[in-house]
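The lines below spell out each chain.
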Amino acid sequence: MTTQAIPMTDPTSDTPRVHRNQTFIKAPVETVWSILVATDTPLPFFFGAICDTRDGLRVGARMRMVSANRKIAMVVGEVLAFEPPHLYAHTFRMTHIDEGPATVTYRLTPENGGTRFELTIEHAPAGGKLEKEMLGAQSFIGTNLRALAETGRPAFSGRMVGLLGPVFGMMAKRSQRIGNWPLE
């Protein structure tokens, strides 16, 4: 098994659902963790974004995912949990969608000589644009994190997103400019 979505609640309910996606990665937890929490390089599994913080990732820190040229803020949030090398959680608001925030939790568990990567999404408005975009990204994130940790290269989909990043940046809304989303 590589990537698997695990439904957690009734999809017909208007109540925010919990969505879990698990990926087995043939790499040590420490390797996966160091890639997951990097703040100095574009992350292909996060659509080429750079994790930007003022003083590093820690509980209570504000963070944002910014374009490689650091002109567009795509996601903003606050770190809720940070327990290296097993747990990282933050609030999650996409800057082009007026919904949220949701909560995203990344859990790494040693398993069979590798790492079980679990991505959990909670509190996204049920049936909203945020939930739909986040669900569409779960498998992409797991697949590209796995490829990067196992081979040193993202999957083909991650490489394509990296190449198209500048084009996506040109299509960003004016409201997504980084100056509109300070870290303070």
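Residues numbered from 1 in each chain as written. Predicted model: local features only at pLDDT ≥ 70, side-chain atom pairs only at ≥ 80, totals over all residues. Heavy atoms only, no water.

## Some remarks on helix 2 (residues 129–151)
In this model helix 2 runs 33 Å from its N-terminal to its C-terminal C-alpha over 23 residues, within 8% of the 33 Å that 1.5 Å per residue would give. Positive phi shows up at glycine 152, right after helix 2, with a value of about 85 degrees. (Helix = DSSP H or I, 4+ residues; strand = E, 2+ residues; numbered from the N terminus. Expected span 1.5 Å × (residues − 1).)

## Remarks on the nonpolar core
The biggest cluster of nonpolar side chains holds 39 residues, and the ones touching the most others in it are Phe45, Tyr88 and Phe117. Put simply, the parts of the chain that give this core at least two residues each are helix 1 (29–36), strand 4 (62–66), strand 5 (73–83), strand 6 (87–94), strand 7 (102–111), strand 8 (114–122) and helix 2. The leading source of residues in this core is helix 2, at 7 residues. Those residues in contact with tyrosine 88 that sit more than four places away from it in its chain are Trp33, Val37, Cys51, Leu57, Met63, Val79, Ala81, Phe82, Val104, Thr105 and Tyr106. (Core = buried A, V, L, I, M, F, W, Y, C linked by side-chain atoms within 4.5 Å. Buried < 20%, exposed > 50% of the residue type's maximum accessible area, 1.4 Å probe, protein only. Contact = heavy atoms within 4.5 Å.)

## Re the confidence of the model for the chain
For the chain, per-residue confidence averages 88 on the pLDDT scale, and 88% of positions sit at 70 or higher. Within the model, the stretch residues 6–10 combines pLDDT values under 50 with 8 contacts to residues more than four positions away or in other chains. (pLDDT = per-residue confidence, 0-100.)

## What about unusual backbone geometry?
Note that the residue after proline 84, namely proline 85, is joined by a cis bond; omega there is -10 degrees. Checked against the element boundaries, proline 85 lands in the loop between strand 5 and strand 6. Here phenylalanine 47, not a glycine, exhibits a phi torsion of approximately 60 degrees, which is positive. Mapped onto the fold, phenylalanine 47 is located in the loop between helix 1 and strand 3 (50–53). For histidine 123, which is not glycine, the phi dihedral falls at a positive 70 degrees. Along the chain, histidine 123 falls in the loop between strand 8 and helix 2.

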